[in-house]
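Chain residues, written in single-letter form:
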Amino acid sequence: MDYEKGYVFDLMEKGGPTDVREPYFKEAVDEMMRARTLCAKANACMPDDPTYVTHLEELFGRKLDDVRILTPFICDFGNRVKFGKGVFINHSAILSASGGIEFEDGSMAAPGLRIATINHDMNERHGLMIFGRIK
């Protein structure tokens, strides 16, 4: 079966489930690798090097003039995270964002924040994933 580009993200937006064994899931894997690479580049910068923000801007596909994220930082689906104005995320945050995460205006996250919007179906031996959305 042929799948249109973005099909896996449409499934995620609707709450899933998705099947990691299906060919359409490759697009999600590619996004995870892109996100992990950009996070690694940002985290490799010295804390006083402002260029780390360029990697995070590429990750999220937008300027971060009104958003402050301190490294180290990990996110697996940059294309599934949205920010309002004046958002602050302190160091050591981990976002497992396949189900989508939205930070509303003025949100502030404590050090070590962990958000996961994914649920593995244990009866399917981690083949199926069901997605939630945090807003």
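Being a predicted model, the structure only gives us computed values, none of them experimental. Along each chain, residue indices are assigned from 1 in the same order as the chain's sequence is written. Only residues with pLDDT of 70 or above have their local features reported here, since the model is predicted, and side-chain atom pairs are shown and tallied only from 80 upward, although totals for entire chains, interfaces and linings are computed over all residues. For the side-chain quantities, the full set of heavy atoms in the structure was used; hydrogens and water were omitted.

## Looking at unusual backbone geometry
Reasoning step 1: The amide bond that connects Thr71 to the next residue, Pro72, takes the cis arrangement and shows omega of 0°.
Reasoning step 2: Strands here mean DSSP runs of E at least two residues long; helices mean DSSP runs of H or I at least four residues long; both are numbered from the N terminus. Relative to the helices and strands, Pro72 resides in the loop between β2 (67-69) and β3 (73-75).
Reasoning step 3: Backbone geometry at Ser92 places phi at a positive 70°, although glycine is not the residue there.
Reasoning step 4: Looking at where Ser92 falls in the secondary structure, it is placed in the loop between β5 (87-89) and β6 (93-96).
Reasoning step 5: For Ser92, a relative accessible area of 24% puts it in the partly exposed group. Any residue under 20% of the maximum accessible area for its type is buried, any over 50% is exposed, and the rest in between are partly exposed; the area is computed with a 1.4 Å probe on protein chains only.

## Examining the sheet that holds strand β8 (residues 108-109)
Reasoning step 1: With parallel pairing, three strands are arranged side by side in an open sheet as β2-β5-β8. Each edge of the sheet is formed by a strand with only one pairing partner; in this case those strands are β2 and β8.
Reasoning step 2: Two strands qualify as a pair provided that DSSP identifies no fewer than 2 bridges between them. Where β5 lies against β8, two bridges are found, and the strand directions are parallel. Its bridge partner being in β8, Phe88 is matched across the sheet by Met108.

## Considerations on the pairing of β6
Reasoning step 1: Across three bridges, β3 lies against β6 in parallel orientation. Of the residues in β6, the one forming a bridge with Phe73 is Ala93.
Reasoning step 2: Of the pairings in the sheet, the one linking β6 to strand β9 (residues 114-116) comprises three bridges and is parallel in character. Residue pairing for β9: Ser96 is matched across the bridge by Ala116.

What is shown is where atoms sit, not what they do.
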